[in-house]
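Chain residues, written in single-letter form:
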Amino acid sequence: MALPRLLRVLPRALPALARALHRAVPGVPDFNSFVTRTNTCGELRSAHVGQEVTLYGWVQYQRQGLFLILRDFQGLTQIVIPQDEAHSHVKKLLSSAPVESVVRVTGIVSPRPPGQENPKMPTGDIEVKAETAEILNSSKKLPFELKDFVKKSEALRMQYRYLDLRSFPLQHNLRLRSQVVMRMREFLCNLHGFVDVETPTLFKRTPGGAKEFLVPSREAGKFYSLPQSPQQFKQLLMVGGLDRYFQVARCYRDEGSRPDRQPEFTQIDIEMSFVDQAGIQRLIEGLLQYSWPEERGSITAPFPSMTYEEALADYGTDKPDTRFGMKCSALGSLRLGSADLLEAAGLVLRDPAAFHFLWVVDFPLFLPKEENSTELESAHHPFTAPHPSDAHLLYSDPTKVRSQHYDLVLNGCEVGGGSIRIHSAELQRFVLEKVLKEDSEVLSHLLQALEFGAPPHGGIALGLDRLISLIVDAPSIRDVIAFPKSFRGRDLMGNAPDYVTPEELEPYHIQVSWPLEEKEAKQN
Ligand code: ASP
């Protein structure tokens, strides 16, 4: 190609070339494929000067009819509103676009005049001189300001969640969550041969453990349950020979919300055959190291381990926060709450940037249902295997039996838990019927499966919402869930749960006996 022609073609070919190169860099996504924008609002630098670009974004703010700041998930770009007669239409449009309107701008990337660079903005060396523009959707005044520093009420944020999602912290949290899960999949499936299997969310009641949500069925008096975890299914998958299972699993517990809980949540659910406790622990350490976001430093493994007994004696809790330089026993009878006060008073040191993982092991297999009660319940769940050296005590003194249950604690929060399972039908039946006094009939399918060549197996579940909220240092798991429920378990945006009519209830053979206030509310 002759040189003059090359010089003419090259500038036009550059964006396509850049995109092709982009695709060639593994791990760097192309945010501009399949769409008519050429760049995101966080992308342009001095190297782009002279290029014609098309940006789409929301109006962050507008200054004296001269500038407009356009925002998308990736950043902010300064748009120069043209002042000349030839562009009067563009000028009128851009200087009247309300804040949060969606706008398309096409223009030329230019260096900012000397002295007007903004070193705080990644795009602060350039601006885009608008040539054409279009308002794609003009915004009404928002019910709250999106700016990160403006405090808004939690209820309002929930009601207009789609607006709150536009804020940089939420964008960051959800994108980081997605990346961590992606890396987890890579580690489990590509590097270690795990199989991602979906299990049903309409199932039946599981004895013991958390309270489950019921779902009515068309068979009179019969209900499904939403599983509190895929526990039974993952064990049955082991019997089925899928010997390395994992799932990003939605779980449901009807326990009322707390700051770190909500009725539906997500677990990284894992099960393996032919594995022992140490094997699961090394797997999780490797998984977390591999998926740990670079921006949060790195974590070292193996994680320290502590027995349940040591944790209670030294820290007064089975979820010790080992960031404190001092054990609670060294503080006399002071417990964790007091350590917070001492920290506030500058008497103990806690490293805010540090991530202290800890395994807590050797839990008792059973705990009294209530203080001083002789009735027992599982410390983890009824499928947990006894510690091999204590198994003989199961028949004489079950309260003395330790289990093969392990919890993973991060900075004083439980982020995971699991166990090696019982794989003998006889032992499982004994635990259910004789120790826990449960009706084993509800679990007959599982007991039966254990009689058909069930391999030894074990697993774990990581609480994804809680893990991510600790990684990004968010005060609540609601800050890492796109559409969370309120403290009371309500969806304040769509207003769920909601009333249904008697006609809608009829196929389910259900009638509601309305409390008076509800009845009045419904009629109004
Ligand atoms: N299913 C258990 C839970 O949800 C975890 C496990 O034992 O793997 O806590």
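Residues numbered from 1 in each chain as written. Predicted model: local features only at pLDDT ≥ 70, side-chain atom pairs only at ≥ 80, totals over all residues. Heavy atoms only, no water.

## Overview of the overall build of the protein chain
The line we're drawing: Numbering of helices and strands runs from the N terminus; a helix is a DSSP stretch of H or I covering at least four residues, while a strand is a stretch of E covering at least two. Remark: exposure states derive from per-residue accessible area (1.4 Å probe, protein chains only) relative to the maximum for the residue type, with buried under 20%, exposed over 50%, and partly exposed in between. The contact criterion used throughout is that any non-hydrogen atoms of two residues lie within 4.5 Å. We get accessible surface area from the Shrake-Rupley algorithm with a probe of 1.4 Å; when it comes to residues, only the shown protein chains can shield them.
A count of helices and strands for the protein chain gives 14 helices and 17 strands. Classification of the 524 residues of the protein chain by burial places 44% in the buried group. Contacts spanning at least 24 positions in sequence make up 62% of the contacts within the protein chain whose residues lie at least 6 apart. With an accessible surface of roughly 28300 Å², the protein chain has 55% of that area assigned to carbon and sulfur atoms.

## Considering the sheet that holds strand β3 (residues 75-80)
The criterion, for reference: Pairing between strands is defined by DSSP: at least two bridges between the two strands are required. Lines fitted to the C-alpha atoms define the axes, with helices restricted to the stretch that makes contact. Angles between their N-to-C directions range from 0 to 180 degrees.
Judged by pairing direction, the barrel is mixed, and its 5 strands sit side by side in the order β1-β2-β3-β5-β4 before closing back on the first. Put simply, the sheet's adjacent strands are angled 55° from each other on average, direction ignored. On the sheet, helix α2 (residues 88-96) packs against β1 (52-63), β2 (67-72), β3, β4 (102-111) and β5 (126-137) and is oriented at approximately 75° with respect to β5.

## Concerning the nonpolar core
The nonpolar side chains of soluble globular proteins are, as a tendency, buried together. Note the threshold: Only buried residues count toward a nonpolar core. Its members are Ala, Val, Leu, Ile, Met, Phe, Trp, Tyr and Cys residues joined through side-chain atoms within 4.5 Å.
Counting 51 residues, the largest nonpolar core has I270, I284, L288, F357 and L408 as its most contacted members. Sort the elements by how many residues they give to this core and helix α5 (residues 168-192) lands first, with 6 residues. In this structure I284 touches I270, W359, L408, I460 and L462, once residues within four positions along its chain are discounted. Of all hydrophobic cores here, the second largest spans 20 residues; its members include V59, I79, V90 and A130.

## Re the site of the ligand
What counts is decided by this rule: Throughout this document, a residue counts as near a molecule or strand when at least one of its heavy atoms sits within 4 Å of that molecule or strand. Any pair of N or O atoms that falls within 3.5 Å is considered a polar contact. Within protein, one atom must be able to donate a hydrogen and the other to accept it, and sequence-neighbouring residues count only if both atoms are side-chain atoms. Polar here means any residue outside two lists: the nonpolar Ala, Val, Leu, Ile, Met, Phe, Trp, Tyr, Cys and Pro, and the charged Asp, Glu, Lys and Arg; Gly therefore counts as polar.
What surrounds the ligand is a group of 13 residues, the closest being Q231, K234, H380, H381 and R421. Between an oxygen atom of the ligand and a side-chain N or O atom of R253, the distance comes to 3.1 Å. Taking R421, its side chain carries an N or O atom lying 2.8 Å from an oxygen atom of the ligand. Relative to its unbound accessible surface of 270 Å², the ligand loses 90% to contact with the protein. Secondary structure elements with two or more residues in the shell around the ligand: α6 (231-239), β16 (413-420) and β17 (457-463). Residue classes in the shell around the ligand are distributed as 2 nonpolar, 8 polar and 3 charged.

## Re the confidence of the model for the protein chain
How we decide: Confidence scores labelled pLDDT are given residue by residue by the predictor and lie between 0 and 100.
Within the protein chain, residue pLDDT values average 90, and 87% of them lie at 70 or more. Segment residues 328-335 is flagged for pLDDT under 50; beyond a separation of four residues in sequence, or across chains, it makes 12 contacts in the model.

## Remarks on the side chain of R157
With respect to the element layout, R157 can be found in helix α3 (residues 154-159). With a relative accessible area of 17%, R157 lands in the buried category. Within the structure, the side chain of R157 is placed 3.2 Å from the side chain of D479, a separation counted as a polar contact. Sequence-distant contacts of R157, that is, excluding residues within four places in its chain, are made with F144, K152, D164, L170 and D479.

## Here we look at a nonpolar patch on the surface
Heads up, the condition is: Patch membership requires more than 30% relative accessible area and the absence of a salt bridge. Residues of like charge join within 9 Å; the nonpolar side chains Val, Leu, Ile, Met, Phe, Trp and Tyr join within 5 Å. By convention in these notes, a salt bridge is any Lys or Arg side-chain nitrogen within 4 Å of a carboxyl oxygen on Asp or Glu.
A cluster of nonpolar residues, Y162, F483 and M493, forms a patch on the protein surface that exposes about 300 Å² of accessible area. As for its position among the elements, F483 is in the loop between α12 (464-471) and α13 (502-505). Since its relative accessible area comes to 44%, F483 is described here as partly exposed.

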